[in-house]
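In case you want the letters, here they are:
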Amino acid sequence: MPSPWRRRTFLHAAGGGALALGLTGTLAHPSGASEVPGAEGTFTSASDAEFDALRGTWRDLILGTGFSPTAEPYRTILSGLGTTAAGYRATMAPASGSLWPGRSWADPEPDLDAESYAFSATMNDSYNRLRTMAEAYSQPGTGLTGDAGLRDAVLTGLDHLHSEVYNENTTRYGNWYNWQIGAPQALMDTCVLMYDHLSATQIAAYCRAVDAFVPDSVFASYTGTSTGANRVDLCRGVILRGIVGKDTGKITLASRALAPVFPYVTSGDGFYDDGSFVQHRNVPYIGGYGAVLHDGVGRLLALLRGSSWEVKDTGTQLFLDTIEKAVAPFIYNGLIMDNVSSRGISRIGTNEHQRAHGLMATILLVGQGASPEENARWRAMVKGWLQRDYYYPALKNPGLSLIRASLLQALRDDTAVKAAPEPVEHRLFPNMARATHRRRDWAASLSMASNRIAHYEFGNGEHARGYHTGAGWLSWWGSDFGLEQYSDAYWPTVDPYRLPGITASRKPLADGEGGNWGQPMPDAAWVGGSTDGEYAAVGQHLKGLSSTMSAKKSWFCLDDSIVCLGAGITSTDGHAVETTVDNRALGAAGAPVLTVDGRPQPVTQGWTATFEDAEWAHIAGQAGYVFPGGARLAAVREERTGSWRDINTGGSPDPITRRYLTLFTDHGIDPTDGDYAYVLLPGASAGTTAHRAHDRGWLRILANTGAQQGVRVPRLGLTAVNFWAAGTVDRLRASAPASVLVREHRNGTATVVVSDPARQATSLDIDWNRRVGKVLSKPATVTAATTGPSLKLTFGDLTGQAGAPQRVTVRLG
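Calculation criteria
- Residues numbered from 1 in each chain as written.
- Predicted model: local features only at pLDDT ≥ 70, side-chain atom pairs only at ≥ 80, totals over all residues.
- Heavy atoms only, no water.
- Helix = DSSP H or I, 4+ residues; strand = E, 2+ residues; numbered from the N terminus.
- Rg over C-alpha atoms; globule rule 2.2 N^0.38 Å.
- Contact = heavy atoms within 4.5 Å.
- Areas by Shrake-Rupley, 256 points an atom, 1.4 Å probe, with all protein chains shown as cover.
- Lys, Arg positive; Asp, Glu negative; His and termini not counted.
- Charge placed at Lys NZ, Arg CZ, Asp CG, Glu CD.
- Phe/Tyr/Trp six-rings, centres within 6.5 Å; stacked < 30°, edge-to-face > 60°.
- Buried < 20%, exposed > 50% of the residue type's maximum accessible area, 1.4 Å probe, protein only.
- 1 Å grid on protein atoms, 1.4 Å probe; cavity = no way out; pocket = protein on both sides within 12 Å on 5 of 7 lines; lining within 4 Å.
- Points joined across faces, edges and corners; volume = space filled by probe spheres on them.
- Nonpolar A, V, L, I, M, F, W, Y, C, P; charged D, E, K, R; others polar.
- Salt bridge = Lys/Arg side-chain N within 4 Å of Asp/Glu carboxyl O.
- Axes fitted to C-alpha atoms, helices over the stretch in contact; angles between N-to-C directions.
- Parallel < 35°, antiparallel > 145°, perpendicular 65-115°, else oblique.
- Pairing = 2+ DSSP bridges.
- Left-handed = near helix turned anticlockwise from the far one by under 90°.
- Core = buried A, V, L, I, M, F, W, Y, C linked by side-chain atoms within 4.5 Å.
- Expected span 1.5 Å × (residues − 1).
- Bend = angle between axes of the 7 residues up to and from the residue.
- Polar contact = N/O pair within 3.5 Å; in protein donor to acceptor, adjacent residues only side chain to side chain.

Counting its regular elements, the protein chain contains 17 helices and 37 strands. Taken over the C-alpha trace, the protein chain has a radius of gyration of 28 Å; the compact-globule value for 813 residues is 28 Å, and the two agree within 12%. In terms of its C-alpha atoms, the protein chain occupies a principal-axis envelope of roughly 90 × 65 × 55 Å. Of the contacts formed within the protein chain by residues at least 6 apart in sequence, a portion of 69% connects residues at least 24 apart. Of the roughly 28600 Å² of accessible surface on the protein chain, 50% is carried by carbon and sulfur atoms. Each charge sign in the protein chain was given a centre, from 73 positive and 78 negative side chains, and these centres are 6 Å apart.

Next up, the structure:
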């Protein structure tokens, strides 16, 4: 393999001495020094060499290092980059209000309405196209490397955009993001790549534009659009503006403005100590803004490391901790779960796997600044994801940037790193109403809504039919099957009223129900649960969006299955209410056999049936479903046609058809006290499913009402109850609403986990009618504990615990 070119060496070899000149023919940048912050507010000298070094570092972070352009996957990525850039150059035609025909930023009525959003987005997109062209010019192997015509096109485009729209004399219109984040980032990246071709006059003009749209005041307070991922993006733009313009004050201001991102928050945007990440006030967003935040912080830490502006905030360790607390629990075998990507799932050209690829590379980048132990764990973790993704391996992604591809390829080729297996664990995220349950052979995740977390987010014309994604959506994947479930045109073709696990009224909802950026939340407080880290009891008081429908839903997450209970299902909408047991995407031509109570059913498309007293069902190659006590089960095979434009105004209108096999329970029109009970067994065979259905002793449903829902699983020593109201279930009593999980261990101890999901209990008594000899450990929230013939735990005020599980360990006997 030939040695890769160093980027700066290659650039100078391609352009010769002329690279030092600007368009005016004068020396582009005078030599000299600037001041940088020193100890206790003093200033020291920053030479041109330090700015040059920072630009060089950022070039490497854009372009990647340590790879051969003739080796795969780089050759394919570089070829694609060159093809895209060539297309942009060929069609570029500067005119009044545009750089490309039909893509105008000239808003005839500039304001802040949706129409103006589109015009400002075109301005932003134009800068991004120029950045792509600059990358193709700077990278080897694109077919356009060092191409003078491409270089001149980029420079012409930069001047045209500046003179026409992105300058200090333009009044901002449309979406603030395009002016303060999108355009500045693309502009400054392009300036770094084309730096040796820009004059001092051009640099100064472009920097003035950034200063006008991103004034220092954006960092004055950690509020509004200057929080979380947005704050990181703002910092990135200004830090790069400071580097390009050799302005130490800008770099100092923006590097220090990162500080509020690191501490955990207790409300609003940011990371929480339970691993939750929220953006836009009430939307779980680890797969979207959280990924952007991680990528942004990771790059900025790498950029400034070793410089006069190195970020040494003590809170950076909190940020590093979020890799394992917040990010990793939602990545499974190379995909990041859709229920933390919000509007992103409605975008054409991306899916769970593609969204994960960049984040996986970011983890490797961030790991370079972590402790050796952390870095080793993360590299092993990412290598496992790389190896196990059979559906869309990261290094097959043509849209992967060179820096990300080089990080991932280097890890894959590093024989010293052994892939880590998927963990066996349950993670509960009360502050964003999510939960993940992971086994060696499968993983599942729950998506809920509460009076703190939105049903869904609609904005910018995106995610128009995501309204039931917070209605108890239970997504799951197998280790060697099902990784394509949500990645093969699922969202434009699925019935949005029949997402797996949800209970929903069939009342028709308008696209974008709740309004643009409405982010509607239900008036329901009890959402959350309890977990010992391996098993869990999770519950949701569900209230439908723009609907009278309400229900109590519980999930008991076990070793090989999830027990799903629903009760108190009531509605007066005048429409049917359904609980979807599952809705399996079958691709364009899939036809797995459905077996119900031992009888295979037809595989004909359009087939429907209702089974009045089904005990179990099985979908070949997918899962088994057990219905304790029998259930009225409806089944549908259908081909559904939709388009990305249906759910996102920026999507293609081309029709797409996919097959689905749906199992659901119809509670009827306006049910008054409906219920359901089923057990999901991911990956189980038909024989295993039938055996479990006929084993009357393995599971005991203790309660399934609107007041309490609970189960006992003797072989696991597990009893778990969600108390929607005070009461007694089997051996457990709660004096107020709570979630309680008890697990008896073979060593004579037991774990009792209690939580207050509603965050309303100022005091709580939990009684367990079981002989207990001694309390071995308890949290500070336990104000009294009595042992003997039974255990009584008295908790103080739990309202400030944010629904976090409280764990008590006792010795039995």
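Using the criterion set out here, one finds 25 aromatic pairs in the structure. With 6.0 Å between their ring centres and 35° between their planes, Phe51 and Trp309 make a pair best called tilted. Taken together, the positions of Phe51 in helix 2 (residues 48-63) and Trp309 in the loop between helix 10 (286-304) and helix 11 (316-327) put the pair 258 residues apart, joining distant regions of the chain. Per residue, the accessibility class of Phe51 equals that of Trp309, and both read buried. Taking the centre distance of 5.7 Å and the plane angle of 65° together, the rings of Tyr490 and Tyr660 count as edge-to-face. Residue Tyr490 is found in helix 15 (residues 490-493), and its partner Tyr660 is found in strand 24 (residues 656-669); the two are separated by 170 residues along the sequence.

Further remarks concern empty space enclosed by the protein. Summed over all chains, the structure comprises four cavities of 30 Å³ or more. The space that makes up the largest cavity amounts to roughly 120 Å³. Considering the residues around the largest cavity, the lining is formed by 15 residues, among which Asn339, Ser342, Arg434, His463 and Thr469 are closest to the centre. When its residues are assigned to classes, the lining of the largest cavity shows six nonpolar, six polar and three charged.

Attention now moves to the pattern of salt bridges. In total, this model carries 43 salt bridges according to the counting rule given. When the shortest N-O distance is used, the salt bridge between Glu168 and Arg208 registers 3.1 Å. Remark: Arg208 occurs in helix 7 (residues 200-213) and Glu168 occurs in the loop between helix 5 (148-164) and helix 6 (176-193); sequence separation between them is 40 residues. Asp216 is the salt-bridge partner of Lys250, the closest N and O atoms lying 2.7 Å from each other. Within this pair, whereas Lys250 is found in helix 9 (residues 248-256), its partner Asp216 is found in the loop between helix 7 and helix 8 (228-244), the two being separated by 34 residues in sequence. A relative accessible area of 11% places Lys250 in the buried class. Since its relative accessible area comes to 42%, Asp216 is described here as partly exposed.

Between helix 3 (residues 74-91) and helix 14 (residues 402-413), the shortest axis-to-axis distance is 11 Å and the interhelical angle comes to 175°. On the basis of their axis angle, the class for helix 3 and helix 14 is roughly antiparallel. Along the contact surface, helix 3 presents Tyr74, Ile77 and Leu78, while helix 14 presents Leu402, Ala405, Ser406 and Gln409. Taken together, the residues that form the contact of helix 3 with helix 14 break down as five nonpolar, two polar and no charged.

Our next topic: the sheet that holds strand 12 (residues 442-448). If you trace the four strands from one edge of the open sheet to the other, you get 10-11-12-13, paired in antiparallel fashion. Edge positions in the open sheet fall to strand 10 (425-429) and strand 13 (471-478), since each of these has one partner strand only. Neighbouring strand axes in the sheet, compared pairwise and without regard to direction, differ in orientation by 10° on average. Relative to strand 13, strand 12 runs antiparallel, the two sharing seven bridges. The residue bridging Ala443 from the neighbouring strand is Trp477, located in strand 13.

On to the packing of helix 8 against helix 9. With their axes 7 Å apart at the nearest point, helix 8 and helix 9 run at an angle of 160° to one another. As far as their axial angle goes, helix 9 and helix 8 are roughly antiparallel. The interaxial crossing formed by helix 8 with helix 9 has left-handed handedness. Facing Cys235, Val238, Ile239, Arg241, Gly242 and Ile243 of helix 8, the residues of helix 9 in contact are Lys250, Ile251, Ala254 and Ser255. Its residues placed into classes, the contact of helix 8 with helix 9 shows six nonpolar, two polar and two charged.

Moving on: the pairing of strand 25 (residues 674-682). Consecutive side chains of a regular strand alternate in pointing toward one face of the sheet and then the other. Judged by how many residues are buried, strand 25 sits mostly within the fold: eight of nine residues are covered. In this sheet, strand 25 lies alongside strand 18 (residues 562-570) in antiparallel orientation, the contact comprising six bridges. Within strand 25, the position partnered with Cys564 by the bridge is Tyr678.

We now examine the nonpolar core. Proteins that are soluble and globular tend to have nonpolar side chains buried together. Core analysis: the biggest nonpolar cluster contains 194 residues, and Tyr166, Leu303, Leu408 and Tyr625 have the highest contact counts within it. In this structure, Tyr166 is in contact with Met123, Tyr127, Leu161, Trp179, Ala183, Pro184, Leu187, Ala209, Val210 and Phe213, ignoring residues within four places of it in sequence. Of all hydrophobic cores here, the second largest spans 26 residues; its members include Leu702, Ala736, Leu798 and Val808.

To continue, consider the environment of Val238. The residue Val238 is located in helix 8 in this model. On a C-alpha basis, the gap between Val238 and Lys250 in space is 6.3 Å, while along the polypeptide they are 12 residues apart.

Here the focus is helix 6. Counted at 1.5 Å a residue, the expected span for helix 6 with its 18 residues is 26 Å, and the 25 Å between its end C-alpha atoms agrees. The largest bend along helix 6 measures about 35° and falls at Ala183, with the proline Pro184 one to four residues further on. The element helix 6 is largely enclosed, with a buried count of 17 among its 18 residues. Of the residues flanking the start of helix 6, the one acting as N-cap is Asn175, its side-chain oxygen 3.0 Å from the backbone nitrogen of Tyr177.

As a further point, take the environment of Gly358. Examined against the element boundaries, Gly358 turns out to sit in helix 12 (residues 352-367). If near-sequence neighbours (up to four positions away) are discounted, Gly358 is found in contact with Leu400 and Arg404.

What follows is about the sheet that holds strand 37 (residues 806-812). What the seven strands build is an open sheet, ordered 26-27-28-31-32-37-34; its pairing is antiparallel. What marks the edges here is a single partner per strand, and that holds for strand 26 (700-704) and strand 34 (772-777). Taking each pair of neighbouring strands and ignoring which way they run, the sheet shows an average axis angle of 15°. Strand direction decides the pairing type here: strand 32 (residues 749-755) and strand 37, joined by six bridges, are antiparallel. Among the inter-strand pairings, Thr751 is bridged to a residue of strand 37, identified as Thr809.

Purely spatial values, then, with no claim about function.
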